[in-house]
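# Analysis of the macromolecular model
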2 protein chains.
Amino acid sequence: MVVKNQIKFIKNLYQKKYRIQHGMFVAEGMKAVSELLNSHFRAHKIYCTDTESFKKFDVEVQQITENDLKKISGLQSPNKVLAIFKIPTPKIVDHNDWILALDDVRDPGNLGTIIRLCDWFGVHNLVCSLNTVDCYNPKVLQATMGSIARVNIVYNDLTVFLNSAQCLVYGAFMGGANVYDEELPERGILVMGNEANGISEKVTQLITKQIAIPQFGEPTTESLNVATATSILLNEIRRK
Amino acid sequence: MVVKNQIKFIKNLYQKKYRIQHGMFVAEGMKAVSELLNSHFRAHKIYCTDTESFKKFDVEVQQITENDLKKISGLQSPNKVLAIFKIPTPKIVDHNDWILALDDVRDPGNLGTIIRLCDWFGVHNLVCSLNTVDCYNPKVLQATMGSIARVNIVYNDLTVFLNSAQCLVYGAFMGGANVYDEELPERGILVMGNEANGISEKVTQLITKQIAIPQFGEPTTESLNVATATSILLNEIRRK
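Residues numbered from 1 in each chain as written. Chains lettered and ligands numbered in written order. Predicted model: local features only at pLDDT ≥ 70, side-chain atom pairs only at ≥ 80, totals over all residues.

Moving on, we get to the overall build of chain A. If you tally the helices and strands in chain A, you get nine helices and ten strands. In terms of overall dimensions, chain A is globule-like: its C-alpha atoms have a radius of gyration of 20 Å, near the 18 Å expected for 240 residues. Each principal axis of the C-alpha atoms in chain A carries an extent, and together these give about 60 × 40 × 30 Å. The 240 residues of chain A split such that 42% are buried. In chain A, of all internal contacts separated by at least 6 residues, the share reaching a separation of at least 24 is 76%. (Helix = DSSP H or I, 4+ residues; strand = E, 2+ residues; numbered from the N terminus. Rg over C-alpha atoms; globule rule 2.2 N^0.38 Å. Buried ≥ 20, exposed ≤ 12 C-beta atoms within 10 Å, placed from the backbone. Contact = placed C-beta atoms within 7 Å.)

Once that is clear, we can look at unusual backbone geometry. Located in the positive-phi region is A:K80, a residue other than glycine, with phi close to 70°. Note on placement: A:K80 falls in the loop between α4 (66–72) and β4 (81–86).

Glancing now at the interface of chain B and chain A. Size of an interface: often given as the accessible area lost when the parts come together. Every contact between the two is made by 27 residues of chain B and, on the other side, 26 residues of chain A. Residue assignment for the side of chain B that touches chain A shows that the elements contributing at least two residues are α5 (108–120) and α9 (226–239) of chain B. Tallying contributions element by element places α9(B) first for the side of chain B that touches chain A, with six residues. Here the residues of the side of chain B that touches chain A sort into nine nonpolar, eleven polar and seven charged. (Nonpolar A, V, L, I, M, F, W, Y, C, P; charged D, E, K, R; others polar.)

In helix packing, the relevant descriptors are the interaxial angle and the interaxial distance, both defined with respect to the helix axes. Between helix α9 (residues 226–239) of chain A and α9(B), the least distance of the axes is 9 Å, while the angle of their chain directions is 50°. Classified by the angle between their axes, α9(A) and α9(B) sit oblique to one another. Of the two elements, α9(A) crosses α9(B), and the hand of that crossing is right-handed. Taken together, the residues of α9(B) that come into contact with α9(A) (itself represented by A:T228, A:S231, A:I232 and A:N235) are B:T228, B:S231, B:I232 and B:N235. Looking at the contact of α9(A) with α9(B) residue by residue, the classes come out as two nonpolar, six polar and no charged. (Axes fitted to C-alpha atoms, helices over the stretch in contact; angles between N-to-C directions. Parallel < 35°, antiparallel > 145°, perpendicular 65-115°, else oblique. Left-handed = near helix turned anticlockwise from the far one by under 90°.)

All names here are of chain A. Per the domain assignment, the segments making up chain A are domain 1 (4–86) and domain 2 (99–239). The gap between the C-alpha centroids of domain 1 and domain 2 is 30 Å. Taken together, the 13 residues of domain 1 in the interface contact eight residues of domain 2. Listing elements by their share of the side of domain 1 that touches domain 2, those giving two or more residues are α2 (16–22), β1 (24–28) and α3 (30–37). Here the element with the most residues in the side of domain 1 that touches domain 2 is α3; it accounts for four residues. (Domains from an automatic or database assignment.)

Right under this line is the structure:
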């Protein structure tokens with residue numbers, strides 16, 4: 001069984017301030033937990049309804065009932081396992097390939113989708129502004145489908161990061177140059193903006209080249225969602 | 001005020017069987033309702049907290065309180081207006097441009113995003129298999145951001161539709177040919193599959209060419225979400 005203190009500790013980790021305080025986060029579900037265990041992430045403890053799957057890992061495993069799992073889970077349909085992992089120290093950002101940078105992306109689903117896209121397109125470094133939603137937020141983790149294990153995510157003041165950039169900085173703007181006509185280089189930084197306001201003014205000043213995805217429909221059409229636009233631009237970067 | 005019968009009628013329209021029975025659906029929010037009013041969609045009735053904005057339209061408008069709006073709304077934060085529209089008769093599918101076809105896409109958010117993408121990329125015809133989620137589902141409408149006013153959506157048996165196709169039929173498959181290497185024609189049909197199972201066997205038999213978005217990350221990476229994959233493939237179709 002899980003005792004009151006354990007429940008409280010785990011539930012606290014659903015809040016950012018406690019994740020920072022303890023340096024830990026919660027992951028759920030067989031796929032996500034397995035991918036994290038098989039990566040550089042270090043587990044602190046595993047709670048699961050069937051301990052067999054986790055015997056080979058060097059970590060404390062506690063067998064619990066499905067009812068116990070419901071008490072500590074943040075999901076509507078808990079899936080066999082909940083694990084507490086240590087938040088890893090981010091690696092130094094490698095400037096020898098494309099880097100994706102996010103300027104205040106706030107929606108957990110969008111960040112999760114974007115992390116999954118980085119993984120798909122082999123973009124190993126994701127730099128997030130300090131006001132971007134926390135990547136260890138349970139909803140983000142849920143949307144990443146385990147991809148977080150393979151992307152180096154760094155939170156930083158974007159202006160400081162871009163000021164020290166050793167490559168061209170591209171930014172997605174509604175009025176930017178048609179991306180189809182751009183000769184995209186082998187390495188660079190792509191900045192994507194906030195859902196409602198796009199890229200902030202102070203970050204805009206550090207953009208070398210403003211680019212856009214051409215629109216083929218009516219001009220009244222709503223702009224593309226940030227995750228969708230990211231998918232198209234990462235595809236453009238990789239296809240060249 | 002809204003009376004009991006009105007509330008019941010509107011709430012019923014949140015269910016597909018009543019939408020079919022009455023041939024009507026509910027749209028909410030200033031943006032979505034305005035875009036539908038300015039399109040070929042015909043409104044049946046408008047309920048709003050401020051009738052001023054809708055005076056110019058030839059439709060019955062009823063002023064209601066915010067409290068009344070809460071009673072009939074399907075949203076957590078209702079936004080000034082709720083309108084009942086007649087479900088339009090789909091237009092004949094135009095085979096002179098690209099057509100997107102969906103084989104049992106079930107998630108309302110995915111369908112909404114895909115309709116928005118069709119609008120962005122000027123793909124005017126969307127053919128949905130009979131088991132694809134209903135495009136007049138409130139969650140789909142919410143995700144389309146008004147784009148539904150500009151895309152002709154037809155529900156049909158996909159095998160019947162594809163059998164009578166007058167152009168090449170492309171389908172997205174994990175193991176398909178690299179889309180970057182394809183000479184995509186001026187017109188054609190692109191088929192996208194179900195979230196969990198991809199394109200069904202009987203539809204697969206009617207696909208002329210299986211295509212895929214190349215993966216650049218680790219081979220363990222989860223496949224792209226159907227809405228994300230659609231955004232990349234529609235971009236590939238239009239960029240050529």
